[in-house]
Amino acid sequence: MIKIHLGDQSDAKVLLGSYVCTDTPGQFKWVPGALTKAVAEGRWIIVEDIDLAPNEVLSILIPLLEKRQLFIPGRGEVFKVPFPEVVSHYLFAKFLFCR
């Protein structure tokens, strides 16, 4: 189970992931975020204070809740993934809380 506390300073990089520098100059690698890992691995996720999340974060969560798909913009062909979406594992579950 993964627990994420959202607030007005939360951003998509924390949830989806980001590119990080490698030891080789000019090379970057993708490091998945907490939400991406949970969806891909079929883990449960608890999202606290969703009502405080900025629109950028909500625009990521809404398609996941409606279609069980997580779109990760900007990945391109770097990851050797044949499609730009991560389809959720059948055990993936989400729990959202607000105050």
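See above for the structure.
Here goes a summary of the coordinates provided.

1. As for the nonpolar core
Within the largest apolar cluster, 20 residues are counted, with the highest numbers of intra-cluster contacts made by L6, L35, I45 and L70. If you list the elements that add at least two residues to this core, you get β1 (2–5), α1 (12–16), α2 (34–41), β4 (44–48) and α3 (55–67).

2. Let's talk about the pairing of β1
Only one face of β1 is buried: it carries I2 and I4, and the other face, with K3 and H5, is open. Two elements, β1 and β4, share four bridges in a ladder whose sense is parallel. For I2, the partnering residue across the bridge sits in β4 and is I45.

3. Focus: unusual backbone geometry
The phi dihedral of D49 falls on the positive side, at around 55°, and the residue is not glycine. By relative accessible area, which is 8% here, D49 ends up buried.

Analysis parameters
Residues numbered from 1 in each chain as written. Predicted model: local features only at pLDDT ≥ 70, side-chain atom pairs only at ≥ 80, totals over all residues. Heavy atoms only, no water. Core = buried A, V, L, I, M, F, W, Y, C linked by side-chain atoms within 4.5 Å. Buried < 20%, exposed > 50% of the residue type's maximum accessible area, 1.4 Å probe, protein only. Helix = DSSP H or I, 4+ residues; strand = E, 2+ residues; numbered from the N terminus. Pairing = 2+ DSSP bridges.

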